[in-house]
Amino acid sequence: MWRADEAVSAADAIVKKYETRNPDRLVRELGITVIPLNFKQQKGAYKVIERNRFIFIKKDLHPVMRGIVLLHEIGHDTLHRKESVAAGGFQEFNIFDMQERRMEYEANVFASQIALPDEDARLEGAGRIGQFGQALGGKRHFSAQNNLPDNHGNTAFLKDRY
């Protein structure tokens, strides 16, 4: 069962509790260790090792993409920690490929809820997550009204947020 509503509620609760949308502050507040690595393809991975939580992240990511990947991995920590322990951790090569991948979809909904709050993006459900993925690598341009980046790398929508 896909739990988009749970992902949205969990993201809202974390933002309310820690009074921030900044992914670096959130990982510190949540006690998750972030380790940059020289991944070739992979952008990030979440793993629990002896009850210690880790996010492994590609060293050379653009700062905006780094923030999105951190939020996505925080989503796995919040929503899928037990499943991650059972599976031995997650790894992602394309975090926006959500066909039949419930946990990826939920982690993306979680990340988009934090990165694109309703008052800024005014997006709902699948439309929100679809535009979120397209904003970070899709081919479609977005209007200034939605304050989302286009495919030329204009990412002002997160500049002031972090």
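This structure is a prediction, so every number in the text was calculated from the model and none was measured.

Right, let's talk about helix α4 (residues 102-115) for a bit. Taking 1.5 Å per residue as the helical rise, α4 with its 14 residues ought to reach 20 Å, and the 20 Å between its terminal C-alpha atoms agrees with that figure. The element α4 is extensively covered by neighbouring structure, given that 12 of its 14 residues are classed as buried. Considered for burial, the residues of α4 that qualify are Glu104, Tyr105, Glu106, Ala107, Asn108, Val109, Phe110, Ala111, Ser112, Gln113, Ile114 and Ala115.

In the structure shown here, the tally under the stated rule is six salt bridges. One salt bridge connects arginine 53 with aspartate 77, and the closest N-O pair in it is separated by 2.7 Å. Note that arginine 53 is positioned in strand β3 (residues 52-58) and aspartate 77 in helix α3 (residues 63-87), a separation of 24 residues in sequence. Accessibility assignment for this pair places arginine 53 and aspartate 77 in one class, buried. Between glutamate 106 and arginine 102 there is a salt bridge, with its nearest N and O atoms 2.9 Å apart. Taken together, the residues glutamate 106 and arginine 102, both in helix α4 and four residues apart, mark about one turn of the helix. Connected via shared salt-bridge partners are Arg53, Asp77 and Arg81.

Moving on: the packing of aromatic side chains. Under the defined criterion, the tally for this structure stands at one aromatic pair. Between phenylalanine 54 and phenylalanine 56 the ring centres are 5.9 Å apart and the planes differ by 15°, which places this aromatic pair in the stacked class.

With that settled, the discussion passes to the nonpolar core. By size, the foremost hydrophobic cluster in this structure holds 29 residues, and its most contacted members are Leu26, Ile55, Leu71, Ile74, Phe110 and Ile114. Mapped by element, the contributors of at least two residues to this core are α1 (4-18), α2 (23-30), β2 (44-49), β3, α3 and α4. Among the elements that take part in this core, α3 stands out by supplying seven residues, more than any other. Once residues lying within four places of it in the same chain are set aside, the contact partners of leucine 26 are Ile14, Tyr18, Thr20, Arg21, Leu71, Ile74 and Ile114.

On to unusual backbone geometry. One non-glycine residue, glutamate 19, lies in the positive phi region at around 50°. Residue placement: glutamate 19 occurs in the loop between α1 and α2. Here the phi dihedral of arginine 51 falls at roughly 70°; this positive angle occurs in a residue that is not glycine. For arginine 51, the location among the structural elements is in the loop between β2 and β3. Relative accessible area serves as the criterion here: at 79%, arginine 51 is assigned to the exposed category.

About the thresholds
Residues numbered from 1 in each chain as written. Predicted model: local features only at pLDDT ≥ 70, side-chain atom pairs only at ≥ 80, totals over all residues. Heavy atoms only, no water. Helix = DSSP H or I, 4+ residues; strand = E, 2+ residues; numbered from the N terminus. Expected span 1.5 Å × (residues − 1). Buried < 20%, exposed > 50% of the residue type's maximum accessible area, 1.4 Å probe, protein only. Salt bridge = Lys/Arg side-chain N within 4 Å of Asp/Glu carboxyl O. Phe/Tyr/Trp six-rings, centres within 6.5 Å; stacked < 30°, edge-to-face > 60°. Core = buried A, V, L, I, M, F, W, Y, C linked by side-chain atoms within 4.5 Å. Contact = heavy atoms within 4.5 Å.

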